[in-house]
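Reading the structure
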Amino acid sequence: MKKFLFSLLAVTMAFVMGLITPAQALEFSEAENHLTNTSAETLEKYNQTIVDVLGTVVESRNLESGDHVQRVKGYTQLLAEQVMKDYPEYKKQVDEMSVDELLLSVICPAINPDADPVRNTQSCFIGMTKRETLDKQTSGINKDRDLPALLVADMEFGAGDSVEGAVRFPSFRAAADSKSEELCYQMGKIAALESLEAGYHWTFGPCVDILGNHRSPIVSYRTAGDDADTVIKYGGAYMRGLQENGLIATIKHFPGDGYCTDDQHVTMPDNPLSREEWDNSFGRVYSSLIEQGVMAIMPGHIALPSYDEIDEETGFCPPATCSKNLLGGLLREKLGFDGIIISDAVTMNGFAGYVNLYHASARFLEAGGDSLLFMPGSDDYLTGMKHEIDLGNLSIETLKNRAYRMLCFRRDYFDNMYPSNRPLPDKDEAEKICRGVCEAGVQVIRDRLNILPYDAKGKKIAHMTVNNNSNDNFGYIEEFTAKMREKGAEVDEIRDPGPGVPADIAEHKKYDLIVCSVMNMPSF
């Protein structure tokens, strides 16, 4: 419906600017009343008709076409591309839902295979799994439903971290370092095909943060680089690879991480950029990827003081997930995004520690958000949110709208995007693409002593590891050690030696070479 309201806005603008007569405006408006349920193709033809007619009027009145017609064309095209498809039959369904059913429609819980399934949710998150396990986990969720729930996981750089047996790409930064949009697109395509084969429909990726501060605990190798152009170029290619092959993409973490050293898992970070700086960096990233058709955006629990104001309730600028100025004003109105807004994990302290969890959740929905990530469909959730409704912090009208949007989003995906005859992933081709990414990611950043390439034959090497995540698999380290031994070196592997051991080794020259492998796992 909003598509046609926007076309009506274009006609109204044309009338106000004096380009068409009242009679012509009325004619356009009456025509729109018959187009509510038409296809996107028909809408595009209709919008083009508006532009053509306005162009004729402008021409007949000897006006400059660039200022008026192109402006109208831009507005109509923007909404035609971004507005979610309406399914009026769901409005009746939403009106008949209980409050519990509405509340369950606006969450994306993480699925525990040992727990009872969450019913009535429109989406759910399932981590590393196999196809047979995924089928088992979702059978209870999808029982007696017209369409299955949207299954989602993090495929920020391939499906290997979520689908057992899928190709494991090294990182998104490695793909971007290839300087090949095609390689990034193919990585997205492979991720989509492998994810769809396993049963997924949606991914929380790509990460389109900008690594403006290399001490960021969040961003690191998850994004393409440290400037907007790089992120747009390669993040956009990966996003298109995902969506053009049937997997919903989600860009994150609006309004942008990577310029601060705080971790939203622990506290609420501030994006320190001025309005001008933000417009020229993250503003360009989000504007470009919205224009390219991204279907979902994940705001982080990150404040942006330059575009917001002090929250009277707390005395701080709120995180984007609690801010009407950022979600409703900046993202919806200024950037024109009308797709799905799904929060980052509600369990993070940047959200649940800012105000009470359920109060924060109510604020997210009222600010323009659609779905709460990792919110369990528990009795505590239902009770807490009903309390927010009773306090007047969350309206039933807002709740119905968000549930309706999630129903339409799911239906639109299965009607128009989910590929019924998708090709199976080509394992050999996927491995070839992965090798290209791996080769691009191995780079010499600095070689002050000019020791590379190094002849390891007959040399004694200390291979030290520095690891910031105790759960990391040391298989990669062991493989690297084995490769050095294959080159004829005698290698001692020393894990997390602390500060004293490296100094002692260097001082007493016990080895010909010290190799240090840093296993830096950013916070997801």
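Note that the structure is a prediction, hence the values are computed from the model and not measured.

Cut-offs used in this document
Residues numbered from 1 in each chain as written. Predicted model: local features only at pLDDT ≥ 70, side-chain atom pairs only at ≥ 80, totals over all residues. Heavy atoms only, no water. Helix = DSSP H or I, 4+ residues; strand = E, 2+ residues; numbered from the N terminus. Buried < 20%, exposed > 50% of the residue type's maximum accessible area, 1.4 Å probe, protein only. Contact = heavy atoms within 4.5 Å. Axes fitted to C-alpha atoms, helices over the stretch in contact; angles between N-to-C directions. Parallel < 35°, antiparallel > 145°, perpendicular 65-115°, else oblique. Left-handed = near helix turned anticlockwise from the far one by under 90°. Nonpolar A, V, L, I, M, F, W, Y, C, P; charged D, E, K, R; others polar. Phe/Tyr/Trp six-rings, centres within 6.5 Å; stacked < 30°, edge-to-face > 60°. Core = buried A, V, L, I, M, F, W, Y, C linked by side-chain atoms within 4.5 Å. Salt bridge = Lys/Arg side-chain N within 4 Å of Asp/Glu carboxyl O. Polar contact = N/O pair within 3.5 Å; in protein donor to acceptor, adjacent residues only side chain to side chain. Pairing = 2+ DSSP bridges.

**Some words on the environment of V99**
- Looking at where V99 falls in the secondary structure, it is placed in helix α6 (residues 99-105).
- With a relative accessible area of 30%, V99 lands in the partly exposed category.
- For the pair V99 and I396, spaced 297 residues apart in the sequence, the C-alpha separation amounts to 8.1 Å.
- Discounting chain neighbours no more than four positions away, the residues touching V99 are K386, I389, I396 and L399.

**Let's talk about the packing of helix α10 (residues 228-243) against helix α12 (residues 282-291)**
- Interaxial distance between α10 and α12 falls to 9 Å at its minimum, and their mutual angle equals 25°. Comparing the axis directions of α10 and α12 gives the class roughly parallel. For the pair α10 and α12, the crossing hand works out as right-handed. Along its contact with α10, which presents A228, D229, V231, I232, G236 and M239, the element α12 presents R284, V285, S288 and L289.
- By residue class, the composition of the contact of α10 with α12 is 6 nonpolar, 2 polar and 2 charged.

**Comments concerning the packing of aromatic side chains**
- Using the criterion set out here, one finds 14 aromatic pairs in the structure.
- Where F254 meets Y286, the ring centres are 5.2 Å apart and the plane angle is 85°; that geometry is what we call edge-to-face. One end of the pair, F254, is in strand β5 (residues 250-254); the other, Y286, is in helix α12, and 32 residues separate them in sequence. Neither F254 nor Y286 differs from the other in exposure class; each is buried.
- With centroids separated by 5.8 Å and ring planes inclined at 70°, the aromatic side chains of Y259 and F282 adopt a geometry described as edge-to-face. Placement of the pair is Y259 in the loop between β5 and α11 (275-279) and F282 in helix α12, with a sequence separation of 23 residues.

**Examining the nonpolar core**
- Counting residues in hydrophobic clusters, the biggest one holds 122 residues, and the most contacted among them are W202, F254 and Y381.
- Beyond its immediate stretch of four places on either side in the chain, F254 contacts W278, Y286, I297, M298, P299, G300, A320, L326, L327, L330, L331 and L335.
- By size, the runner-up hydrophobic cluster in this structure holds 7 residues, among which are A456, I461, V491 and L513.

**Let's talk about the pattern of salt bridges**
- For the structure shown, the criterion picks out 21 salt bridges.
- The salt bridge partner of E156 is R222, with a shortest N-O separation of 2.6 Å. Taken as a pair, E156 in the loop between β3 (150-153) and α8 (172-176) and R222 in the loop between β4 (202-203) and α10 lie far apart in primary sequence, 66 residues in all.
- Residue classification places E156 among the buried residues on the basis of a relative accessible area of 2%.
- Since its relative accessible area comes to 1%, R222 is described here as buried.
- Of the charged contacts in the structure, one is a salt bridge between R411 and D415, with a shortest N-O distance of 2.7 Å.

**Some thoughts on helix α15 (residues 357-367)**
- Of all 11 residues that make up α15, 9 are buried, and the element is covered over most of its length.
- Every buried residue of α15 is accounted for by Y358, H359, A360, S361, A362, R363, F364, L365 and A367.
- Its side-chain oxygen 2.9 Å from the backbone nitrogen of Y358, N356 forms the N-cap of α15.
- Of the residues one or two after α15, G368 is the one with positive phi, at around 130°.

**Thoughts on the sheet that holds β4**
- The strand order across the open sheet built from 3 strands is β2-β3-β4, with neighbouring strands paired in parallel fashion. Each edge of the open sheet is held by one strand with a lone partner, namely β2 (123-125) and β4.
- As defined by bridge partners, β2 adjoins β3 across 3 bridges and the pair is classed as parallel. Residue pairing in the sheet places C124 in a bridge with L151 of β3.

**With respect to unusual backbone geometry**
- Backbone torsion omega between K252 and H253 reads 5°, so that peptide bond is classified as cis.
- On the secondary structure map, H253 appears in strand β5.
- Of note, the phi angle at N450 is positive, near 55°, even though the residue is not glycine.
- For K509, which is not glycine, the phi torsion reads 50° and is therefore positive.
- Looking at where K509 falls in the secondary structure, it is placed in the loop between α20 (500-508) and β11 (513-519).
- Overall, the relative accessible area of 68% leaves K509 in the exposed class.

**Brief notes about the packing of helix α9 (residues 181-198) against helix α18 (residues 427-441)**
- With their axes 10 Å apart at the nearest point, α9 and α18 run at an angle of 140° to one another. When the axis of α9 is compared with that of α18, the two are oblique. For the pair α9 and α18, the crossing hand works out as left-handed. Contact with α9, carried on its side by L183, Q186, M187, I190 and E194, involves K427, A430, I433, G436 and V437 of α18 and no other residues of that element.

**Regarding the sheet that holds strand β10 (residues 490-495)**
- A sheet is described by the order of its strands in space; here 3 strands give the open sequence β10-β9-β11, paired in parallel fashion. Each end of this open sheet is capped by a strand with a single partner; those strands are β10 and β11. When strand polarity is set aside, the average angle formed by the axes of neighbouring strands in this sheet is 20°.
- Both strand β9 (residues 460-467) and β11 contribute to a ladder of 7 bridges, which runs parallel. Counterpart to A462 in the pairing with β11 is I514.
- The strands that helix α19 (residues 475-486) touches are β9, β10 and β11; relative to β10, the one it contacts most, it runs at about 160°.

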